[in-house]
Amino acid sequence: MNQHDLARVAAAHGTPFYLYDMDLARAHYRRLASQLPSEVELFYCVKANPNPSVLGAYVGIVPGLDVSSGGEIAIAQRAGFAAPVMSFAGPGKSDQELELSVREGVGLVSVESPGELARLSAVARQYAKRQAITLRINPLVTGKEFPMRMGGGPSQFGIAEEDVDPVIASALADPQIDLAGFHIYSGTNCLEPKAILENIAQTLTIVVGLARKHHVSVRKVNLGGGFGIPYFAGQVAMDADALMSDIGKFIAYRKAEEPLLRDAKFILELGRFLIGPFGVYVARVVDVKETRGKRFAIMDGGMNHCFPATGNFGQLIKKNYPVANLSKPSESAKIPQELVGPLCTPIDSMARAIELPRCDVGDLIAFESCGAYSFSASPLRFLSHDTPLELIYNDRTYGVGRSREKAYA
Ligand SMILES: *Cc1c(COP(=O)(O)O)cnc(C)c1O
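If you're wondering where the values come from, they're calculated on a predicted model, not measured in any experiment. (Residues numbered from 1 in each chain as written. Predicted model: local features only at pLDDT ≥ 70, side-chain atom pairs only at ≥ 80, totals over all residues. Heavy atoms only, no water.)

*Asks:* Provide a residue-level description of the domain arrangement of the protein chain, including the pertinent values.
*Replies:* Annotation of the protein chain at the domain level lists domain 1 (35-270) and domain 2 (277-402). Each of domain 1 and domain 2 was reduced to a C-alpha centroid, and the two centroids are 33 Å apart. Taken together, the contacts link 15 residues of domain 1 with 19 residues of domain 2. Of the roughly 1,400 Å² buried between domain 1 and domain 2 on both sides combined, carbon and sulfur atoms contribute 57%. (Domains from an automatic or database assignment. Contact = heavy atoms within 4.5 Å. Buried area = accessible area lost by both parts, 1.4 Å probe.)

Right under this line is the structure:
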């Protein structure tokens with residue numbers, strides 16, 4: 001993101017804003033996808049960044065989407081994705097959302113409970129349709145390398161591996177339901193290639209076991225996502241090319257040796273890994289306070305716009321995001337300071353004890369790696385400030401991805 005003159009963008013559009021570079025994001029996507037064999041499809045997970053222009057920039061490149069709500073289905077359709085390329089997961093799908101899925105022809109509904117299977121079947125009957133599904137399974141164990149785990153232990157996600165047999169039997173017996181395969185999503189932000197490969201290996205073992213036991217002809221194996229990006233000092237980015245090529249080779253090998261996987265297509269559904277590095281959040285310092293030995297730079301946006309930077313979104317230990325003071329030369333002397341937003345709560349702290357060139361009133365502060373789970377995971381209405389502008393860099397042009405919503409005139 002260093003190629004962008006963010007001071008110029010700020011002068012033209014005001015602060016606070018997000019900028020997403022879709023030229024970089026698409027190039028990254030293409031490179032990853034090119035390492036995968038044709039039986040592995042790389043989906044984009046909409047909830048990581050549902051900005052309509054982000055989705056629009058992926059149309060024609062990304063073959064499918066992981067969606068998590070009726071709203072995401074609608075946003076993705078308006079952006080140009082057809083319902084049949086979507087896989088819909090999430091623990092609390094309402095009757096209306098199931099109806100939307102069946103009516104619009106969502107490609108795969110990832111069913112997460114026996115109750116949901118029954119409700120989906122009833123909706124499909126009403127529409128005289130047969131709905132393709134995967135059953136989402138919560139495996140008995142999940143690698144501890146996934147910092148926020150969605151599998152292993154009791155959880156609201158999926159059907160426990162040990163409880164899935166009767167659900168498979170009812171899916172197979174149901175004329176409204178087409179059991180296409182299985183889905184396992186274990187957790188997010190894993191930075192260990194070895195753990196990712198082990199997780200995939202484990203998923204395939206579970207799937208093959210179930211396919212054998214229940215004579216399921218498996219067409220879809222959704223391997224989930226959760227590939228991580230570095231945020232904090234000491235974290236290192238994974239070698240993306242090597243990871244993708246190892247995954248591709250492993251899947252091709254398993255498919256070749258295992259007759260039960262012969263007709264299977266595999267889905268990887270990534271959010272953070274695809275878009276996370278290609279977004280930046282920029283705010284401006286509006287006040288500075290030196291008090292009781294500490295220097296605070298108070299910005300025009302904070303947790304209301306970019307909640308994960310506060311360390312309250314799935315982080316066990318609060319650490320600072322990569323931050324830069326754009327208004328001072330990077331070689332200027334660094335001093336410890338705290339960067340906070342304008343909200344009336346002490347958790348609105350965007351960087352603690354951070355060593356940065358002195359932040360003064362008017363300085364622009366950039367929070368990097370904010371392309372995923374940032375705007376969309378923030379309490380935008382808390383304290384009723386304007387929302388941040390979302391800008392897109394696409395085909396070498398800056399454009400507005402979503403306007404700033406003004407709280408007052
Ligand atoms: C959120 C989510 C993903 C994407 O997770 P990332 O960590 O962003 O890759 C994939 N699958 C499901 C079911 C999800 O809920």
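So much for the structure itself; the text now carries on.
*Asks:* Break down the environment of F307 for me, with residues and values.
*Replies:* Tracing the backbone through its elements, the reader meets F307 in the loop between β14 (294-299) and β15 (323-325). Separated by 66 residues in the primary sequence, F307 and Y373 have C-alpha atoms spaced 8.6 Å apart. (Helix = DSSP H or I, 4+ residues; strand = E, 2+ residues; numbered from the N terminus.)

*Asks:* Outline unusual backbone geometry, listing residues and values.
*Replies:* With an omega of -10°, the peptide bond between T15 and P16 qualifies as cis. The residue P16 is located in the loop between α1 (6-13) and β1 (17-21) in this model. Despite not being glycine, H215 has its phi angle at roughly 55°, a positive value. Although it is not a glycine, L383 adopts a positive phi angle of roughly 75°. Mapping L383 onto the fold places it in the loop between β18 (364-367) and β19 (389-394).

*Asks:* Explain the nonpolar core residue by residue, including any values.
*Replies:* Where a protein is soluble and globular, its nonpolar side chains tend to be buried together. The biggest cluster of nonpolar side chains holds 106 residues, and the ones touching the most others in it are Y58 and L339. For this core, the element with the highest residue contribution is helix α8 (residues 193-214), accounting for nine residues. Residues from two domains meet in this core; each of domain 1 (35-270) and domain 2 (277-402) gives at least three. L6, V9, L389 and L391 belong to the second-largest nonpolar core, a separate cluster that totals 12 residues. (Core = buried A, V, L, I, M, F, W, Y, C linked by side-chain atoms within 4.5 Å. Buried < 20%, exposed > 50% of the residue type's maximum accessible area, 1.4 Å probe, protein only.)

*Asks:* Talk me through the site of the ligand; I want residue IDs and the actual numbers.
*Replies:* The local shell around the ligand holds 15 residues, among which K47, T188, E269, R272 and Y373 are the closest. One nitrogen or oxygen atom from the side chain of T188 is found 2.4 Å from an oxygen atom belonging to the ligand. Burial of the ligand by the protein chains amounts to 95% of its free accessible area of 390 Å². By residue class, the composition of the shell around the ligand is five nonpolar, five polar and five charged. (Near = heavy atom within 4 Å. Polar contact = N/O pair within 3.5 Å; in protein donor to acceptor, adjacent residues only side chain to side chain. Areas by Shrake-Rupley, 256 points an atom, 1.4 Å probe, with all protein chains shown as cover. Nonpolar A, V, L, I, M, F, W, Y, C, P; charged D, E, K, R; others polar.)

*Asks:* Can you tell me about the pairing of β19, naming the residues and giving the values?
*Replies:* Here β19 lies mainly inside the structure; five of its six residues are buried. Inspection of the sheet shows β1 paired to β19 by five bridges, in the parallel sense. By the bridge assignment for β19, Y20 is matched with I392. Sheet analysis places β19 next to strand β20 (residues 397-402), joined by five bridges and oriented antiparallel. Each bridged residue has a counterpart across the sheet, and for I392 the counterpart in β20 is G399. In sequence, β19 turns back onto β20 through a hairpin of two residues, with D395 there showing a positive phi of about 50°. (Pairing = 2+ DSSP bridges.)

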